[in-house]
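Okay, here's what each chain looks like letter by letter:
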Amino acid sequence: MTKVLVVDDDFMVAKLHSRYVAAVPGFTVAGVAHSGAEALRAAERLRPDLVLLDVFLPDMDGVRVLRELRAAGLGMDALFITAARDVNTIRSALRAGALHYLIKPFTQAALHEQLRHVASLRSRLAELDEARQEDVDQIFGTRPRGSRELPKGLAPHTADLVDSVLRAHPEGLSATECAEAGSLSRVSARRYLEYFAETGRAEVTLRYGGTGRPERRYRRLG
């Protein structure tokens, strides 16, 4: 299990993020903190694998928290979840060693995508004794695209629904099967599946039958 420390000054937001984390297989919430000092103490005590950090904390900003974690030799990963949009803060977060930076508000699917990315990185590194350049390129070069805003006409709730259907069918399925499983129209299911394919969250394969056009089948990636 990947242990997560959730850090946010808003008690209700921290509770919501904790619920999002707990919904991802392989992740568990080890603790919650509402200030920088509390986060540092909790990280020392709990030794989480991942910290979800807000920038705006009552006593110090989240970037400083991450720097102090690094200075203390605590090697957990960090993912920023914040309303801070200024480029200097984003640059500082990256320089401090953040894996990624999610700007509020975001969808539950966007956070889940980032968490699965963290799990994928940890799994890849655990499997390697010695890395080849292509291994390093894959680890550093592949970034999930789930945090992008949805195109006009696509709704986050429906995107989450289609995503859950894909996760429930790891062998892949057609737009018709997705529509039936999610109680959607075939046209609507096809739009979301094609969007996932275009943004790298799903792959498309063709199944050839006896006559007519081949059937497009979609399988979730990650």
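Keep in mind the model is a prediction, meaning the values are calculated, not measured.

**Examining the side chain of arginine 201**
Okay, step 1: Looking at where arginine 201 falls in the secondary structure, it is placed in the loop between helix H9 (186–198) and strand S7 (202–207).
Okay, step 2: Judged by its relative accessible area of 5%, arginine 201 falls in the buried class.
Okay, step 3: Among the polar contacts listed, one links the side chain of arginine 201 to the side chain of aspartate 163, at a separation of 3.4 Å.

**Brief notes about the pattern of salt bridges**
Okay, step 1: Considering all chains together, one arrives at 18 salt bridges under this definition.
Okay, step 2: A salt bridge links lysine 104 to aspartate 8, with the shortest nitrogen-to-oxygen separation between them at 2.8 Å. A residue pair is termed long-range when its members are at least 10 positions apart, and lysine 104 in the loop between strand S5 (100–103) and helix H5 (108–127) and aspartate 8 in the loop between strand S1 (2–7) and helix H1 (11–22) qualify at 96 residues.
Okay, step 3: On the basis of relative accessible area, aspartate 8 is assigned to the buried category, the value being 1%.
Okay, step 4: Measuring nitrogen to oxygen at the nearest pair gives 3.7 Å for the salt bridge that ties arginine 201 to glutamate 113. Separated by 88 residues along the polypeptide, arginine 201 in the loop between H9 and S7 and glutamate 113 in helix H5 bring together distant segments of the chain. The same class applies to arginine 201 as to glutamate 113, namely buried.
Okay, step 5: Among the ionic contacts, a cluster of salt bridges with common partners joins Glu113, Arg116, Asp163, Arg167, Arg201 and Arg220.

**Regarding the nonpolar core**
Okay, step 1: Residues Val7, Val51, Leu53, Val65, Leu66, Leu69 and Phe80 are the most contacted members of the largest nonpolar core, which totals 25 residues.
Okay, step 2: Elements that contribute at least two residues to this core include exactly S1, helix H2 (36–46), strand S3 (50–53), helix H3 (62–71), strand S4 (77–82) and helix H4 (87–96).
Okay, step 3: Among all residues touching phenylalanine 80, those that are not within four sequence positions of it are Leu53, Asp54, Val55, Gly62, Val63, Leu66, Ala93, Ala98, His100, Tyr101 and Leu102.
Okay, step 4: The next biggest cluster of nonpolar side chains, apart from the first, holds 19 residues, and it includes Val6, Val21, Leu52 and Leu121.

**A look at the confidence of the model for the protein chain**
Reading predicted coordinates in detail is not appropriate for stretches of low pLDDT.
Okay, step 1: Of all residues in the protein chain, 91% have pLDDT values of 70 or greater, and the mean over the chain is 88.
Okay, step 2: Mean pLDDT across the elements of the protein chain bottoms out in helix H6 (residues 133–141) (66) and peaks in strand S2 (residues 27–33) (97).

Thresholds, definitions, all that
- Residues numbered from 1 in each chain as written.
- Predicted model: local features only at pLDDT ≥ 70, side-chain atom pairs only at ≥ 80, totals over all residues.
- Heavy atoms only, no water.
- Helix = DSSP H or I, 4+ residues; strand = E, 2+ residues; numbered from the N terminus.
- Buried < 20%, exposed > 50% of the residue type's maximum accessible area, 1.4 Å probe, protein only.
- Polar contact = N/O pair within 3.5 Å; in protein donor to acceptor, adjacent residues only side chain to side chain.
- Salt bridge = Lys/Arg side-chain N within 4 Å of Asp/Glu carboxyl O.
- Core = buried A, V, L, I, M, F, W, Y, C linked by side-chain atoms within 4.5 Å.
- Contact = heavy atoms within 4.5 Å.
- pLDDT = per-residue confidence, 0-100.

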